[in-house]
Amino acid sequence: MRNLIITILMFIPLIIFAEYPSGEMLLKKIDENMYSENIISVSTMIIHSRRATKTMKLKSWKNGDNSSFSEYLSPPKNAGTKMLKLDNNLWIYNPQADRTIRISGHMLRQSVMGSDLSYEDMMEEDEISKIYQAEVIGEEVINEADCWILMLTAKVADVNYQTRKIWVDKTKYLALREERFGKSGKLLKTTTIDEVFLVGKRWYPKKIMFKDVLKKGKGTELIIESIEFDANIPASIFSKASLRK
Amino acid sequence: MIFRLAMKNILGAGLRTWLNIFILSLSYFVIIALQGLYVGWQDDASREMKNWDFAGGQYWQETYDPYDPFTLEESHATIPEDLQKLIANGEAISILFSPATIYTDGRMRNIVLKGIEPSQNLIELPTNFLTDSDGEINCIIGSGFADNLNIKEGDYIVLRWRDKNGTYDACDLKVAHIFSTTVITVESNQVWISLSILQEMLGLPNEGTIITVKDEKYKKEFFSWQHKDLDFLLLDLTKMIKAKTIGSSIMYMLMLFLAMLAIFDTQVLSIFRRRKEMGTMMALGMTRLKIIQLFTLEGVLHAVLAILMGAVYGIPLLSHFEKVGMKIGMDAKEWGLSGLDDALYPVYGWKLVFGTIVLVLIIVTIVSFLPTRKIAKLKPTDALRGKMTK
C-alpha cells in the first residue's frame, strides 16, 4: 500500500506537467497571430494621464522587424505628425514647426505623447519566439478565457526586458495579460488585452491597455480600428522623404 | 604756474565745475562697481567650479560630449592604469555617467545618473552620504533639483535604467542628502550614487566617463581619453562673463559719453568766453602752446577732482558691497548660471581701479584738447578785441 502511494505521488507532477503544452510552441502560435511582414493598421490611442484624457488616432505601416511609419490623423493639434523608424533610429516630423527630429539612444525611452508607451515599446515588433524561451508555469482564467501562464526568459543579451510573464489564451493564442520585469525582478510595465477580434484566420487584440507601473495614471488604451496583414506597401513610404509629404 | 592758474580758473567757475566733476565721478563709480561685480562673479564661479567639479583638470572619455545627450550612453571606457594609481592615491576620482529615468510621486523624469567614489575628498560633493549603511542604495542630489522635484532628505525615488546590453532594471533610491551648491554642472537633472553600485548596475566594472585629477600640471596622454585643462573647462564661463561685461559696458559708455559731452561743452564755452583773457595772455608773452596746455589742463583737472570726489562716496559704498555682497533678489539657481549665489560679492582689484582711472583720464585729456585747437590759429589782436580768428 505504502509503495503504491509513493508511486502515485511520484507520478502526480508528471500527470500535471504532461498537460502543459510546450512554451516554445505557444510563443510560435502567438507570433502566428501577431506577427506579419507587412501590416497596415488604424488605431486609436487614449492616454489617461493624471489630469486629463487625450485621444489620438493614427495610421501605421510596418515592414519586417526594422521599418515602420506612423501618421497621426487626429486630434487637429497632432494631425500630420509622422514617425519613421529605421533600425534603431526614429525620426519624428512636426508639421507645425516643419521640422524633423531624430531620436535615438536613451531618448527612445521617453514616453510617446505622454502615454505609458515609450518610443522603444512602439518600435518593438520582433517575433517573440526569437527573443525569449518560455516555460509554462500554470493556468488561470482571465476575462473568462482559460489561459496558460508562461514565464519568458530572454535568450539574447540585448533585450529590453529580461523576463516577462504572459497569460496566453488557450484557444485564441493571444497574450491576454503581460507583465514585464526588470533584471532584478521589479515589475515595470503591464499590458492587458480586454477585447480581441478575428482578422482572416488570425486572432488579434482589439483593445489593449498599457500601464507603466512606476508612473501614476490609469494607463494608455490602444484600440485597433482596422488592420491588414501581408499588405502591399511601397518601399518609398519608409524613407525620410515621406515624412514631409 | 599753469597748474595753479588752471586750478584757480576751474574752481572759479563754481557750480558748473562741480556738476561736471560729479558726473565724471559717477562714471568712475559705475564703471568700477559694474566691472567689480563681473570680476567677483568670475572669481566666485571659477573657484566654486574648481572646488565642486573640475579640481585640477579632467580626462574625458573620447566620445563624451556634454552638449550631446546622444553620446552619453556610449561614453565609458576602462580607466588607464596610471590614472588608476592616481585614484588609489587619492589624487584623482573616476565618475561614471549613465542616462536614466526617475519616478517621483509617479512622475517620470529623465536624468543623468552619476557614480562617484563615496570616500573621495577631491571635490566638495558630500559623497560620504553615499556610503551604504543599511542595505539601501543612497543617493545625493542638489537642492535646486530637489526643490524642482519636491523631494526632501529621507524620501525614496524609483530609478529605472538600462545596463550595457540595453536591458531595463529598476530599484528604489534613498535620498540620503540634499546638497547646496552654486555649480549647476553638478546638480542640474543629476542624481549621484556610489561608483561601485553604478558600475555593477550597468555591468561596467572599472569603467568611467570622466576622471578628475588634482594636479593642474598632470597632462599625460592616454589612448581613448582626452585631457581637458582648466582653461578649456572654464572657457564657457569666461565667454559668458565676457559677453555680459560687453553688454553692461554700453551703460557706462553712455555715462562716460555724457560726462565727456559736459567737459567738451565747458571747454568750447570757456574758450569762447575767455577770448580777451587769451589775447591778454598772448600780449603778455604767453605762447599759444602754453595757452592750449592751460585749457587742456583745466579739463584734465575735472577728471582729477572727480577721482577725489568719487573716492569720498565711492570707497565706503564699494567697500560695503564687497563685504555684504549685492543681493540678486531672486533664486539665482533659476537662472541656470554657475557661481551665482543669493548675493554677488564684487572684487575691486588695483588693475580695475587704475585701469578705469587711466582710461577716463586719457579720454578727458583728448576731449579737453580737441576744442583748444582753435587757439592755435588765434591772433592776439583778434583775441584782444574779443574776436575768434577764422
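Note that this is a predicted model, so its numbers are computed, not measured.

A. Structural view of the overall build of chain A. Counting secondary structure elements, chain A contains 4 helices and 13 strands. Dimensions along the principal axes, computed over C-alpha positions, put chain A at roughly 85 × 40 × 35 Å. Of all 245 residues assigned to chain A, the portion counted as buried reaches 33%. Look at the contacts in chain A between residues 6 or more apart in sequence, and 43% of them connect residues 24 or more apart.

B. Fine view of the overall build of chain B. What chain B contains, in helices and strands, is 12 helices and 13 strands. Computed over C-alpha atoms, the radius of gyration of chain B comes to 32 Å, more than 25% over the 21 Å expected from 2.2 N^0.38 for 390 residues, which places it beyond the range of a compact globule. On the principal axes, the C-alpha backbone points of chain B span a range of 100 × 45 × 35 Å. Out of the 390 residues in chain B, the part that is buried amounts to 37%.

C. Summary view of the packing of helix 9 (residues 288-324) of chain B against helix 10 (residues 350-369) of chain B. All names here are of chain B. The N-to-C vectors of helix 9 and helix 10 enclose an angle of 155°; their axes lie 8 Å apart at closest approach. Considering their axes alone, helix 9 and helix 10 lie roughly antiparallel with respect to each other. Crossing geometry of helix 9 relative to helix 10 is assigned as right-handed. Residues T296, G299, V300, H302, A303 and I307 of helix 9 form the contact with helix 10, whose participating residues are I357, V360, L361, V364, T365, V367, S368 and F369. When its residues are assigned to classes, the contact of helix 9 with helix 10 shows 9 nonpolar, 5 polar and no charged.

D. Expanded view of the pairing of strand 10 (residues 210-213) of chain B. Residue and element names in this part refer to chain B. Burial of strand 10 is two-sided: the residues I210 and T212 facing one way and the residues I211 and V213 facing the other way are all buried. The sheet contact formed by strand 3 (residues 92-104) and strand 10 spans 4 bridges and is antiparallel. Residue pairing in the sheet places I95 in a bridge with I210 of strand 10.

E. Region of interest: the packing of helix 7 (residues 235-273) of chain B against helix 9 of chain B. Residues and elements named next belong to chain B. One can describe the packing of helix 7 onto helix 9 by two numbers: an axis separation of 11 Å at closest approach and a directional angle of 145°. Taken as a pair, helix 7 and helix 9 cross one another with a handedness that is right-handed. In contact with I263, Q267 and I271 of helix 7, helix 9 contributes F295, G299 and H302. Counted by class, the contact of helix 7 with helix 9 contains 3 nonpolar, 3 polar and no charged residues.

F. Focus on the confidence of the model for chain B. Mean pLDDT over chain B: 86, with 95% of residues reaching 70 or higher. We note a pTM of 0.78 for the whole complex and an ipTM of 0.80 for its interfaces.

G. Inspection of unusual backbone geometry at higher detail. Residues and elements named next belong to chain A. For the peptide bond that leads from S74 to P75, omega is 0°, which places it in the cis range. Unlike most non-glycine residues, N143 shows phi in positive territory, near 50°. Its location among the elements puts N143 in the loop between strand 7 (132-142) and strand 8 (145-154).

H. Just the environment of A:K186, in detail. Residue and element names in this part refer to chain A. In this structure, K186 sits in the loop between strand 10 (175-181) and strand 11 (187-199). C-beta crowding within 10 Å serves as the criterion here: with 16 such atoms nearby, K186 is assigned to the partly exposed category. Separated by 99 residues in the primary sequence, K186 and D87 place their C-alpha atoms 28 Å from one another.

I. Inspection of the nonpolar core at higher detail. Residues and elements named next belong to chain B. Residues C139, V191, W192 and I193 are the most contacted members of the largest nonpolar core, which totals 59 residues. At 7 residues, strand 3 tops the list of elements feeding residues into this core. Excluding its chain neighbours within four sequence positions, the residues that come into contact with I193 are L113, G115, L130, I137, C139, L173 and L198.

J. Inspection of the domain arrangement of chain B at higher detail. When the domains of chain B are assigned, the result is domain 1 (2-50 + 236-384) and domain 2 (58-228). Taken over C-alpha atoms, the centre of domain 1 of chain B sits 50 Å from the centre of domain 2 of chain B.

K. Fine view of the pairing of strand 8 (residues 190-194) of chain B. All names here are of chain B. Extensive coverage of strand 8 is indicated by the burial of 4 of its 5 residues. Where strand 4 (residues 107-116) and strand 8 come together, 5 bridges link them in parallel fashion. Among the inter-strand pairings, G115 is bridged to a residue of strand 8, identified as I193.

L. Up close: helix 7 of chain B. Residues and elements named next belong to chain B. Spanning 39 residues, helix 7 covers 55 Å between terminal C-alpha atoms, matching the ideal 57 Å at 1.5 Å per step. By the largest-angle criterion, I250 marks the main kink of helix 7, which is about 30°. Within the sequence span of helix 7, burial applies to Y252, L256, A259, M260, I263, T266, Q267 and I271. Buried residues along helix 7 sit in contact with helix 2 (15-54), helix 9, helix 10 and helix 11 (373-376).

M. Geometry of helix 8 (residues 275-283) of chain B. Residue and element names in this part refer to chain B. Listing the buried residues of helix 8 in full gives M278, G279 and M282. End-on, the buried residues of helix 8 take up no more than an arc of 100°, which puts them together on one face. Here the buried face of helix 8 lies against helix 9, helix 11 and helix 12 (380-384). One or two positions beyond helix 8, positive phi appears at G285, with a value near 110°.

N. Seen up close, the environment of A:G23. Residue and element names in this part refer to chain A. With respect to the helices, strands and loops of the structure, G23 is situated in helix 2 (residues 23-34). When the C-alpha positions of G23 and R51 are compared, they lie 41 Å apart, and in sequence the two are 28 residues distant. If we ignore the near neighbours within four places in the chain, the residues touching G23 are Q133, A134, E135, V136 and L150.

O. Spatial organisation of the confidence of the model for chain A. Averaged over every residue, the pLDDT of chain A is 86; residues scoring 70 or more account for 91%. Mean pLDDT values for the elements of chain A range from 54 in helix 1 (residues 2-18) of chain A up to 96 in strand 9 (residues 163-169) of chain A.

P. A look at the environment of A:T55. Residue and element names in this part refer to chain A. Position of T55 among the secondary structure elements: in strand 2 (residues 53-63). Judged by the 12 C-beta atoms lying within 10 Å of it, T55 falls in the exposed class. Sequence-wise, T55 and E221 are 166 residues apart; in three dimensions their C-alpha atoms are separated by 9.2 Å. Excluding its chain neighbours within four sequence positions, the residues that come into contact with T55 are T44 and I46.

Criteria and thresholds
Residues numbered from 1 in each chain as written. Chains lettered and ligands numbered in written order. Predicted model: local features only at pLDDT ≥ 70, side-chain atom pairs only at ≥ 80, totals over all residues. Helix = DSSP H or I, 4+ residues; strand = E, 2+ residues; numbered from the N terminus. Buried ≥ 20, exposed ≤ 12 C-beta atoms within 10 Å, placed from the backbone. Contact = placed C-beta atoms within 7 Å. Rg over C-alpha atoms; globule rule 2.2 N^0.38 Å. Axes fitted to C-alpha atoms, helices over the stretch in contact; angles between N-to-C directions. Parallel < 35°, antiparallel > 145°, perpendicular 65-115°, else oblique. Left-handed = near helix turned anticlockwise from the far one by under 90°. Nonpolar A, V, L, I, M, F, W, Y, C, P; charged D, E, K, R; others polar. Pairing = 2+ DSSP bridges. pLDDT = per-residue confidence, 0-100. Core = buried A, V, L, I, M, F, W, Y, C linked by C-beta atoms within 7 Å. Domains from an automatic or database assignment. Expected span 1.5 Å × (residues − 1). Bend = angle between axes of the 7 residues up to and from the residue. Arc of directions from axis to C-beta.

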